[in-house]
Amino acid sequence: MASHTRVITNVDLRSHENNLAHRTREIDRERLIVRRGQPFFITLQCSDSLPPEHNLDLVLHLGKRDEVVIKVQKERAAADQWWFIQQRAQDELLLTLHSPADAIIGQYHLAAVIVSPDGRILEETDKIGFHLLFNPWCKDDVVYLPDEQQLQEYIMNEDGMIFIGSWNDIKSMSWNYGQFEDNVMEICFQVLDNSKEALRNSRMDIKKRSDPIYVGRIIAAMVNSNDDRGVVSGRWEEPYTGGVAPYRWTGSVPILQQWSRAGVRAVKYGQCWVFAGVACTVLRCLGIPTRLISNFASGHDTDENLTIEIVLNERLEPVGGRDSSWNFHCWVESWMRRDDLPKGNDGWQVLDSTPQERSDGEFRCGPCPVKAIKEGNLGVKYDAPFVFAEVNADMVFWKITPDGERQKIKVDQQSVGRNISTKSIYGNHREDVTLQYKYPEGSEKEREVYKKAGRRVTEPSDEAAEPELQLSIKHAKPVFGTDFDVIVELKNEGRKDTKAQLTILATSVTYNSFNLGECQHKITSVTVPAQQTHREVMRLHYDDYVKCVAENHLIRVKALLEISGNHEPIMTMANIPLSTPELFIQVPEKAFVRERVTAHISFINPLPVPLKGGVFTVEGAGLLSSSKIHVNEDISPGQKVFVKMSFNPVRTGVRKFLVDFDSDRLKGVKGDAILIIRKRFSIAGF
């Protein structure tokens, strides 16, 4: 390159105005972060006017080793190409760059090149980096979402609500997605860079990052650590030695930061809501509209026969088999057009990072169109039969008889997939989206979908038990730490007295139905007079169930009635959640950005025993990084404990302050408070 006085003395990426226009200012105001399909502006400052016979070229580089190089075209180009226009203004060149709506997302490096008329490179600037994201505001981008209110929720909102519990006792838990927190965007691209595909063929992987289907599939695999350098290691039972128990997390940011700091080593531990929360953070940050879904009574079908088969022994304990029905299960839905599918299958797509079954050899699921699930179109990509079974499988219960045979004791076509929930765009309350996944249970249209899906494998018996009996389980809403009664009610609506054997089993289970141990077991012979009701009471004592109850505080009660004579047995089941105390959070003063704020946190120990090793974990997007407050003294039964946390908010706006409390005997107690962070204005001279 010939020696001459440099013409281009500086490149101004105009990050402040570009980031504001591209809705990325929350990520950073100093670095350039733009969205594809939308123009942005840069300025070249020159020491002299560019000779008219010389050309200005712009060259883009992608990848750590410049695996992809793109020459930006001059003037308007084809829709799938980068192009720019330039204007002169005194000693500056004003450039407007246009990226295609299907451009590769990632970190670009831009070089401006001055070329002589004979093609010689006279000058080239140092490469300057910027990031390009998906653009759901661009009509030509396949992630385009036309509803601005939905975009504010599914891209811009850093605070989430995750719905947990059981279908008839739904609870909410706040989650800090924090997709705009410091370094999160860089970590999201680091997740992509450490996928199997990227490590195997980085050039091909980078080229495919224009496709949200490809990116979503990579994220679904990389959020869990099975098979790759993924982010979170799953564990579904204690002990959680060497890591953080899943119920202690209150947001995605500490998890992503720890994974990155540790040299992309998996963070211990996560369960379904943790995997879904982290996936939601990454996808929103990259620019794909995403929401978190909770499916109650979620089926896990391992052989794709669209039936959940549960085998019980004579004590009603599950034996053998891999099928199960989870009390709840979380995944995410991402919004994108699907040109690879028949018209009408675009829109929300299920992506699931919880490692359950393999898809193309890796633990991941989706993207699978929600519309395809509702219509029973199970031939579409990806993993439609598995997702269909999660929301609409039949359940069949078998009992092993004393001679080793299997006896069918219950067929249930309506219990799987209930109260499918997501956070409303109108606030922190639940929106039911069940009818987006399936037609009303038992409707004629639902029957048609069953047939289309090839699901008619477990038709219920037409024979009714004679005499007619009804079996139900009733209970109050018990508090963890108290004794309580479970009532099994047998109602005989027949004309004859009925003799039967009643088996009742109470066990502690995890949210995904892993059996942790027996709380109480009872077998009794009963006689139910005609047209009367018989009640059996089982007393559950804290001293008994505390020995095996999991952190989700869930007890499952099964009741089996085996009737004398040639009659089919009757079984029913109930999940009993044990409530935990509330955390009370107060922020008494008004809050201003970068000024000290103090939060007061308190709660009462509801247990009949002291709590030891108490620790509060707090965090909040735009407020503070994850921090801990240790309680040095034991917390006596009935004692109220107070702690304070002071911090300096770093961003204005409506923010959520999240708190988790854990101790030796009481775990996963959550609380949150909404703060409005203002900017303090001052007027000179007053």
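Residues numbered from 1 in each chain as written. Predicted model: local features only at pLDDT ≥ 70, side-chain atom pairs only at ≥ 80, totals over all residues. Heavy atoms only, no water.

Looking at the domain arrangement of the chain
Here is step 1: Each domain of the chain was delimited in the assignment, giving domain 1 (8–133), domain 2 (148–453), domain 3 (469–577) and domain 4 (584–677).
Here is step 2: Measuring from the centre of the C-alpha atoms in domain 1 to the corresponding centre in domain 3 gives 69 Å. (Domains from an automatic or database assignment.)

Section: the packing of helix α6 (residues 212–222) against helix α8 (residues 272–286)
Here is step 1: Where α6 meets α8, the closest approach of the two axes is 10 Å, and the angle between their N-to-C directions is 155 degrees. Relative to α8, α6 is oriented roughly antiparallel. At the point where α6 passes α8, the crossing takes the right-handed sense. The segment α6 lies against α8, with Val 215, Gly 216 and Ile 219 engaging Ala 279, Val 282, Leu 283 and Leu 286.
Here is step 2: For the contact of α6 with α8, the per-class residue count stands at six nonpolar, one polar and no charged. (Axes fitted to C-alpha atoms, helices over the stretch in contact; angles between N-to-C directions. Helix = DSSP H or I, 4+ residues; strand = E, 2+ residues; numbered from the N terminus. Parallel < 35°, antiparallel > 145°, perpendicular 65-115°, else oblique. Left-handed = near helix turned anticlockwise from the far one by under 90°. Contact = heavy atoms within 4.5 Å. Nonpolar A, V, L, I, M, F, W, Y, C, P; charged D, E, K, R; others polar.)

Description of the sheet that holds strand β15 (residues 290–300)
Here is step 1: Spatially, β21-β18-β17-β15-β24-β25 is the arrangement adopted by the six strands of the open sheet, whose pairing is antiparallel. Here the strands that pair on one side only, and so sit at the sheet edges, are β21 (365–369) and β25 (430–432). Across the sheet, the mean angle from the axis of one strand to that of its neighbour is 30 degrees, orientation sign disregarded.
Here is step 2: Where strand β18 (residues 347–352) lies against β21, three bridges are found, and the strand directions are antiparallel. Across the sheet, residue Val 350 finds its bridge partner in β21, namely Cys 368.
Here is step 3: Here helix α10 (residues 384–392) sits on the sheet in contact with β15, β17 (324–336), β18, β21 and β24 (418–423), set at roughly 70 degrees to β15. (Pairing = 2+ DSSP bridges.)

Things to note about the pairing of strand β7 (residues 92–98)
The two faces of the sheet receive side chains in turn, since in a regular strand these alternate between them.
Here is step 1: With respect to burial, β7 is a largely interior element, five of its seven residues being buried.
Here is step 2: The pairing of strand β6 (residues 83–89) with β7 spans seven bridges and is antiparallel. Bridged to Arg 88 within β7 is Leu 93.
Here is step 3: Hairpin connection from β6 to β7: two residues lie between these consecutive antiparallel strands, with Gln 90 at a positive phi of about 55 degrees. (Buried < 20%, exposed > 50% of the residue type's maximum accessible area, 1.4 Å probe, protein only.)

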